[in-house]
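The residues making up each chain are set out below.
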Amino acid sequence: MSAGATGAPPRVAVIGANGHGRWHRRVIAPLHDAGRVRLVALVDVRLIEPEPAAPLPADAEVFTDHAQMLAVARPDVVVVCTPPHTHLPIARDVLAAGADVLLEKPPVLSMAEHRLLAAALAETGRACQVGFQALGSAALAELTAAVTAGRLGTVTGIATVAAWQRSDGYYARAPWAGRRTLHGRPVLDGALANPLAHAVMQCLAVAEAVTGTPVRPATIELERYRVRPIEVDDTAALRVVPRSGPPIVAAVTLAGEDFVAGEVIVTGSAGRAVLEYPTDRLLLPGDDAPREVPGRRGLLENLLAHRADPAGTPLIAPLARTAPFTAVLEAIQAAPEPTLLGGDLVTATGRGPDRVLTVRGVNAALREAAGSGALLSELGVPWAVPPVRTELTREEDA
Ligand SMILES: NC(=O)c1ccc[n+]([C@@H]2O[C@H](COP(=O)([O-])OP(=O)(O)OC[C@H]3O[C@@H](n4cnc5c(N)ncnc54)[C@H](O)[C@@H]3O)[C@@H](O)[C@H]2O)c1
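If you're wondering where the values come from, they're calculated on a predicted model, not measured in any experiment. (Residues numbered from 1 in each chain as written. Predicted model: local features only at pLDDT ≥ 70, side-chain atom pairs only at ≥ 80, totals over all residues.)

Side note on the overall build of the chain
Filter applied, for reference: Secondary structure elements follow DSSP: runs of H or I no shorter than four residues count as helices, runs of E no shorter than two count as strands, and numbering proceeds from the N terminus. Between the buried cut of 20 or more and the exposed cut of 12 or fewer other C-beta atoms within 10 Å of a residue's own C-beta lies the partly exposed class, and all C-beta atoms are placed from the backbone. For the purpose of contact definition, each residue receives a C-beta atom placed from its backbone, and two residues are in contact when these atoms lie within 7 Å.
A count of helices and strands for the chain gives 11 helices and 20 strands. In terms of overall dimensions, the chain has a C-alpha envelope of 65 × 50 × 45 Å along the principal axes. Taking all 398 residues of the chain together, the buried fraction comes to 47%. The long-range fraction of contacts in the chain, counting pairs at least 24 apart against all pairs at least 6 apart in sequence, stands at 71%.

Right under this line is the structure:
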């Protein structure tokens, strides 16, 4: 019997309990303690690591097989935090078992997978929230409200710039790290697809506010670079030109000289707004300095509220909202291997798993791209290569 029918708290399970799954366990623990959910099971194909901040309740069970867990523990809500290439089959199993899913980003790896998951949602009538947690930010809501109210005038461009560093150890942490395929199946790690996916999704959310509808990309242009012999980008410039609304540029690196947390820059005829999305610091036209806009609606709590009142509480990150992000992933998947940068351009610091590589001048180049809406090759950056361009047909974005 479902939790709703008995009045008991929803039964929650996590599939993929290590890695970022430990963060989900920490989110669930206070909800469990408050009696708002009941954590019934953790699943992982590996030994489950203890999480001191979220001890396993005495009556919760541990499984290595998600199908067995679904049959035995019969959860109402399942967090799926496994590697991206496993998302579709596991999410479909969860939905078929009658549970709602909080599916980590990237939800799926292609538009074909997106359509299969959308069909499973329609068939089962269940809900899917995608793990783009920055979409629940009050700062983003204030930015999109300012856009909608016309405070920026006509929006002419949306861009993001981010410069992080990732060590050799980062790429050794999981079998799918730095890979484009694993055992012949697409996995698609990479700066745009994984750690800086939120930067891209925040831009898509702002673009959605400009036109009032999800972005329908007409063209996707990609420049991808890497500083290690990985199969995916650690540095990239992306431009999405939608069928309507302003172009979106993402200029990002995991080989940055200086740390840039991640800025979403919205340029309009009446001024410019900047949202530092990881810290929720916002600068609107007329502001003297950025200010923190605290408050994030949690994706799991929102999914629980949506289950209780589907019409009154929309999901923050429903699958449909992520379609343009998946279109970008599909373009990345189809693009050739990124250009390998080396020689004098790349500087190594640190040793062993802590070694990081940085690209000389990358911060300035990325910032110029984000500020101007140009790709690196258009700016004459000496190491830049011409973009790979994907044109989407109207059928593809229908
Ligand atoms: N929203 C965010 O900010 C955020 C942050 C980090 C990771 N993620 C996403 O979370 C997902 C997991 O990333 P990660 O870095 O934790 O990966 P990871 O490889 O470190 O951990 C994934 C876990 O899933 C387990 N697993 C793999 N296949 C499984 C299966 N079939 N059944 C059960 N368990 C299985 C692995 O053993 C591992 O413990 C990815 O989609 C990633 O993009 C999201």
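Some points on the confidence of the model for the chain
Put simply, the rule is: Residue-level confidence of the predictor is summarised by pLDDT, bounded by 0 at the bottom and 100 at the top.
Counting all residues, the mean pLDDT for the chain is 96, and 97% of those residues have values of 70 or more. Mean pLDDT in the chain bottoms out at helix H1 (residues 3–6), which sits at 53, and peaks at strand E4 (residues 77–80), which reaches 99.

Considerations on the domain arrangement of the chain
Selection rule: Domain start and stop points were drawn from an automatic or database domain assignment. For this classification, Asp, Glu, Lys and Arg are treated as charged, while Ala, Val, Leu, Ile, Met, Phe, Trp, Tyr, Cys and Pro are nonpolar and the rest, including Gly, are polar.
Each assigned domain of the chain is listed with its residue range as follows: domain 1 (3–133) and domain 2 (138–293 + 320–391). Domain 1 and domain 2 are separated by 28 Å when their C-alpha centres are compared. If you look at the interface, domain 1 gives 14 residues, while domain 2 gives 19 residues. Looking at the side of domain 1 that touches domain 2 residue by residue, the class counts come to nine nonpolar, four polar and one charged.

Some points on the sheet that holds strand E1 (residues 11–15)
As a reminder, the rule being used: Strands are treated as partners if at least two bridges between them are detected by DSSP. Between the N-to-C directions of two axes lies an angle of 0 to 180 degrees, each axis being a line fitted to C-alpha atoms and, for a helix, fitted only over the stretch in contact.
One open sheet holds the six strands; their spatial order is E3-E2-E1-E4-E5-E6, and the pairing between them is parallel. Two strands in the sheet have a free side with no partner beyond their single neighbour: strand E3 (61–63) and strand E6 (128–130). Between one strand axis and the next, the sheet turns through 20° on average, direction left out of account. The pairing of strand E2 (residues 38–43) with E3 spans three bridges and is parallel. What sits directly across from Val43, in E3, is Phe63. Contacting E1, E2 and E4, helix H2 (residues 21–33) crosses the sheet at an angle of about 165° to E1. Seen against the sheet, helix H9 (residues 299–308) touches E4, strand E5 (100–103) and E6 and runs at an angle of roughly 160° to E5.

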